[in-house]
Amino acid sequence: AEEVQQQIIRETFHLVLKRDDHICNFLECGRGVPGLRVPPTKALHLSSRLRSLFGGSDYKLIYRHYATLYFVFCVDSSESELGILDLIQVFVETLDKCFENVCELDLIFHMDKV
């Protein structure tokens, strides 16, 4: 279970990190991976690996990038993309109020407050 969890985190991080900044913040697991700076065959392979990790094609990744932090949600197709982006925004604003300019160290060393 721990190994699968770490694999999902690695795959998700690589997919999100390789996307261009001007591409939308939604990544559907059941389709190709638009905006990814890799050859199309590798993009399809990454998409299929992610699909197999999440157990199907009905999921999507919704993420926001703030400075050095990435906030990523994996949701099913019934969720609203804009609603999840709003949830991430509110979460980050709350973290900023708690930590005054939140950074990754705040999240690591103060997990009890998060």
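Just so we're clear, the structure is a prediction, and the values are computed from it rather than from any experiment. (Residues numbered from 1 in each chain as written. Predicted model: local features only at pLDDT ≥ 70, side-chain atom pairs only at ≥ 80, totals over all residues. Heavy atoms only, no water.)

Applying the stated criterion to the full structure yields three aromatic pairs. Between Phe-13 and Tyr-70, the ring centres sit 6.3 Å apart and the planes meet at 85°, which makes this aromatic pair edge-to-face. Placement of Phe-13 in helix H1 (residues 2-17) and of Tyr-70 in strand S3 (residues 69-76) is noted, with a sequence separation of 57 residues between them. Its relative accessible area of 42% is what places Phe-13 among the partly exposed residues. Taking the centre distance of 6.0 Å and the plane angle of 75° together, the rings of Tyr-66 and Phe-71 count as edge-to-face. In this pair, the class of Tyr-66 matches that of Phe-71, namely buried. Every member of this aromatic cluster is reached through a ring pair, and the members are Tyr-66, Phe-71 and Phe-91. (Phe/Tyr/Trp six-rings, centres within 6.5 Å; stacked < 30°, edge-to-face > 60°. Helix = DSSP H or I, 4+ residues; strand = E, 2+ residues; numbered from the N terminus. Buried < 20%, exposed > 50% of the residue type's maximum accessible area, 1.4 Å probe, protein only.)

Next up on the list: a nonpolar patch on the surface. On the surface, a nonpolar cluster with roughly 270 Å² of combined accessible area is contributed by Phe-91, Met-111 and Val-114. Examined against the element boundaries, Val-114 turns out to sit in the segment after helix H4 (104-109). Exposure remark for Val-114: the relative accessible area of 39% places this residue in the partly exposed category. (Patch = residues over 30% accessible without salt bridge, like charges linked within 9 Å, V, L, I, M, F, W, Y side chains within 5 Å. Areas by Shrake-Rupley, 256 points an atom, 1.4 Å probe, with all protein chains shown as cover. Salt bridge = Lys/Arg side-chain N within 4 Å of Asp/Glu carboxyl O.)

Before going further, it helps to spend a moment on the pattern of salt bridges. Counted according to the given criterion, the structure contains one salt bridge. Between Glu-81 and Lys-60 there is a salt bridge whose closest N-O contact spans 2.7 Å. Note that Glu-81 is positioned in helix H3 (residues 81-99) and Lys-60 in strand S2 (residues 59-66), a separation of 21 residues in sequence. The class of Lys-60 is buried, set by a relative accessible area of 6%.

Bringing unusual backbone geometry into the picture now. Backbone geometry follows two general trends: most residues other than glycine have a negative phi, and most peptide bonds adopt the trans configuration. For Ala-67, which is not glycine, the phi torsion reads 50° and is therefore positive. Tracing the backbone through its elements, the reader meets Ala-67 in the loop between S2 and S3. With a relative accessible area of 71%, Ala-67 lands in the exposed category. Backbone geometry at Glu-100 places phi at a positive 50°, although glycine is not the residue there. Inspection of the secondary structure assignment puts Glu-100 in the loop between H3 and H4. For Glu-100, a relative accessible area of 66% gives the class exposed.

Attention shifts here to the side chain of Arg-19. For Arg-19, the location among the structural elements is in the loop between H1 and strand S1 (26-28). Buried charge Arg-19 goes without a salt bridge, the closest partner of opposite sign being Asp-20 at 8.5 Å. A distance of 2.7 Å separates the side chain of Arg-19 from the backbone oxygen of Cys-24, its partner in a polar contact. (Lys, Arg positive; Asp, Glu negative; His and termini not counted. Polar contact = N/O pair within 3.5 Å; in protein donor to acceptor, adjacent residues only side chain to side chain.)

Spatially, three strands are ordered S1-S2-S3 in an open sheet, and the strand pairing comes out antiparallel. Each end of this open sheet is capped by a strand with a single partner; those strands are S1 and S3. Across the sheet, the axes of successive neighbouring strands diverge by a mean angle of 20°, strand direction being ignored. For S2 and S3, the ladder comprises eight bridges, and the chain directions are antiparallel. Across the sheet, residue Leu-61 finds its bridge partner in S3, namely Cys-74. (Pairing = 2+ DSSP bridges. Axes fitted to C-alpha atoms, helices over the stretch in contact; angles between N-to-C directions.)

Worth remembering: the numbers are spatial, not functional.
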